[in-house]
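Secondary and tertiary structure notes
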Amino acid sequence: MEDRMSHIKFVTDSAADIPAALQRELGIQVLPFSIVMNDQEYQDGVDFQPQDFYRELVAAPRIPTHSQLTPLVFDQLYAAALAEGVTDLIYVAINSKGSSTCENALMTRESFLAEHPGCGMDIHILDSKTYTMCYGYAVVLGARKAKEGAGVEEVLAAVRDWLDHVGLVFAPYDLKFAKKSGRVSAAAAFLGEALGMKPLMTFQDGESKVLAKVRGDKSVIPAQIARMREEMEPGSPYLCILGSDEDHNGELVSACEDAFGYPCAMSYHIGGVIAINAGPNLVGVIYRKKER
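Residues numbered from 1 in each chain as written. Predicted model: local features only at pLDDT ≥ 70, side-chain atom pairs only at ≥ 80, totals over all residues. Heavy atoms only, no water.

Description of the packing of helix α3 (residues 71–84) against helix α4 (residues 101–115)
Angle between the axes and distance between the axes: these two values describe a pair of packed helices. Condition: Geometry is summarised by axes, namely lines fitted to C-alpha atoms with helices restricted to the contacting stretch, and by angles between N-to-C directions that run from 0 to 180 degrees. Per the convention used, a helix needs a DSSP run of H or I reaching at least four residues, while a strand needs a run of E reaching at least two, with both numbered from the N terminus. For classification, angles of less than 35 degrees are called roughly parallel, those exceeding 145 degrees roughly antiparallel, those between 65 and 115 degrees roughly perpendicular, and all remaining angles oblique. Each crossing is labelled by how the near helix is turned from the far one, with a counterclockwise turn of less than a right angle marking it left-handed and a clockwise turn marking it right-handed. In this analysis, two residues are considered to be in contact whenever any of their non-hydrogen atoms come within 4.5 Å of each other. Each residue is assigned to one of three groups, with Ala, Val, Leu, Ile, Met, Phe, Trp, Tyr, Cys and Pro labelled nonpolar, Asp, Glu, Lys and Arg labelled charged, and all others, Gly among them, labelled polar.
Running from N to C, α3 and α4 cross one another at 50 degrees; their axes reach a closest spacing of 8 Å. Classified by the angle their axes make, α3 and α4 are oblique. For α3 against α4, the interelement crossing comes out right-handed. Every residue of α4 that contacts α3 at Pro71, Phe74, Asp75, Tyr78, Ala79 and Leu82 is listed here: Thr101, Asn104, Ala105, Met107, Thr108, Arg109 and Phe112. Considering only residue class, the contact of α3 with α4 consists of eight nonpolar, three polar and two charged.

Here it is as structure tokens:
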């Protein structure tokens, strides 16, 4: 039986795109990435609202940069959690293939526990191997279980189960950002722009992958729904990823509800880190895949 006095704390980073209201409701701590835009530094998810950031991003003369979370950030996190009396700190990290953040968390855990032997706090670090609410929703599910009184093993199992089954399809309407970040090759982006082709994309084992290409904006959402029909576990929750174009956003939410007969569990706007790498003008869906 789990120790009733256990104190589970959930932590993630701002690329998980968990809405602020859910962070507060579930007591999830979010570590913000720093973004440098127009020679100014911002804290992702703290210093701006998504739609304000999208406008600044499109107008910026250079694509902004963002930095990894440093070992110092994690050392301070672990020390504060220990002082709070946390028994199990669960950090679900941004894809390790796209950032050294997860590696920094692991390295710092080793040194911290060596300096605090027998401290009574376990530090669980999970590499999500993905981005945005693909892992943010795993954190939400785990935090809800913890709030309901589930023990740490049950909570971790719920997080891993979602990460093991999560499906994602997204499509950038503007290929400039995906080309710059390397998500789409420059040659493919040039050809796509010339022919009006839009890539349907996902992440598999931490790597970006183009699933298909469709012609024209009007084909994007129907193609995403077709992919969901093929892969999604029937009746399971799904999420709608929203970008800068409110017409596209509204179309996505309505089309999904019409197609599946029930509304999305959540619709949310992408944050700064995701917008920099994929572009602000996109839509996507996150869902639970069928068992293989």
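So, the nonpolar core
Let me state the cut-off plainly: Here, nonpolar core refers to any group of buried Ala, Val, Leu, Ile, Met, Phe, Trp, Tyr and Cys residues whose side-chain atoms link them within 4.5 Å. Only protein chains enter the accessibility calculation, which uses a 1.4 Å probe. A residue is then buried if its area is under 20% of the maximum for its type, exposed if over 50%, and partly exposed in between.
Core analysis: the biggest nonpolar cluster contains 72 residues, and Tyr78 and Ile286 have the highest contact counts within it. Sorting elements by how many residues they give to this core places helix α5 (residues 133–147) first, with eight residues. Formed by 21 residues, the second largest nonpolar core is a distinct cluster that contains Tyr173, Ile221, Phe260 and Cys264.

Quick notes on the sheet that holds strand β5 (residues 65–66)
Heads up, the rule is: In short, DSSP must find at least two bridges between two strands for them to pair.
Reading across the sheet, the three strands line up as β4-β3-β5 and stay open at both edges, with antiparallel pairing between neighbours. The sheet terminates laterally at β4 (40–43) and β5, the two strands that pair on one side only. Sheet analysis places strand β3 (residues 34–37) next to β4, joined by four bridges and oriented antiparallel. Opposite Ile35, over in β4, you have Tyr42 as the bridge partner.

Some thoughts on the packing of aromatic side chains
Our working definition: The criterion for an aromatic pair is that two Phe, Tyr or Trp rings (for Trp, the six-membered ring) have centres within 6.5 Å, with stacked assigned to planes under 30 degrees apart, edge-to-face to planes over 60 apart and tilted to the rest. Counting as a charge over the ring demands two things of the Lys NZ or Arg CZ atom: a distance within 6 Å of the ring centre and an angle within 35 degrees of the ring normal.
Tallying each qualifying case throughout the model produces 10 aromatic pairs. Here the aromatic cluster, defined as three or more aromatic residues joined through ring pairs, consists of Phe74, Tyr78, Tyr91 and Phe112. The side chain of Arg229 reaches across the aromatic face of Phe260, ending 5.5 Å from its centre.

Here we look at the sheet that holds strand β1 (residues 8–13)
The parallel open sheet is built from four strands, whose spatial order is β2-β1-β6-β7. Each edge of the open sheet is held by one strand with a lone partner, namely β2 (29–31) and β7 (122–127). The sheet shows a mean angle of 20 degrees between the axes of neighbouring strands, taken without regard to direction. The strands that α4 touches are β1, β6 (88–93) and β7; relative to β7, the one it contacts most, it runs at about 165 degrees.

Re the pattern of salt bridges
The test is simple: A side-chain nitrogen of Lys or Arg and a carboxyl oxygen of Asp or Glu constitute a salt bridge if their distance falls within 4 Å.
By the definition in use, this model includes 10 salt bridges. Lys97 is paired through a salt bridge with Glu207; the nearest N and O atoms lie 3.8 Å apart. Residue Lys97 is found in the loop between β6 and α4, and its partner Glu207 is found in strand β10 (residues 207–215); the two are separated by 110 residues along the sequence. Classification of Lys97 as exposed rests on a relative accessible area of 51%. Between Arg227 and Glu231 there is a salt bridge whose closest N-O contact spans 3.2 Å. With Arg227 and Glu231 both in helix α9 (residues 220–231) and four residues apart, the pair spans about one turn of that helix. Look at the salt bridges and you will find they share partners, linking Asp161, Glu233, Arg288 and Glu291 into a network.

As for the packing of α5 against helix α6 (residues 152–165)
Close contact between α5 and α6 brings their axes to 8 Å; oriented N to C, the two are set at 155 degrees. When the interaxial angle is binned, α5 and α6 end up roughly antiparallel. Like other packed secondary-structure pairs, α5 and α6 cross with a definite hand, here right-handed. Counted together, Met133, Cys134, Tyr135, Tyr137, Ala138, Leu141, Gly142, Lys145 and Ala146 of α5 and Glu154, Val155, Ala158, Val159, Trp162 and Leu163 of α6 form the full contact between these two elements.

Describing the pairing of β7
To be explicit about the condition: By definition, the crossover connecting two strands over a helix is right-handed if that path, from the first strand to the second, turns clockwise as seen with the strands pointing away from the viewer.
Summarising the sheet, β6 and β7 pair through six bridges and their orientation is parallel. Considered in β7, the bridge of Ile90 is made with His124. Considered for its hand, the β-α-β crossover made up of β6, α4 and β7 is right-handed.

A short note on unusual backbone geometry
Phi at Asp39 is positive, roughly 65 degrees, even though this residue is not glycine. Looking at Asp39, the relative accessible area reads 69%, which means it is exposed. Despite not being glycine, Thr132 has its phi angle at roughly 50 degrees, a positive value. One can find Thr132 in the loop between β7 and α5.

Details of the side chain of Thr202
Our working definition: The definition of a polar contact used here is a pair of N or O atoms within 3.5 Å, where within protein one atom must be able to donate a hydrogen and the other to accept one, and adjacent residues in sequence count solely through side-chain atom pairs.
Among the structural elements, Thr202 can be located in strand β9 (residues 197–204). For Thr202, a relative accessible area of 6% translates into the label buried. A distance of 2.6 Å separates a polar atom in the side chain of Thr202 from the backbone oxygen of Leu168. Setting aside residues no more than four positions away along its own chain, Thr202 makes contact with Leu168, Phe170, Glu207, Ser208, Lys209 and Leu211.

Nothing here speaks to function; it is geometry throughout.
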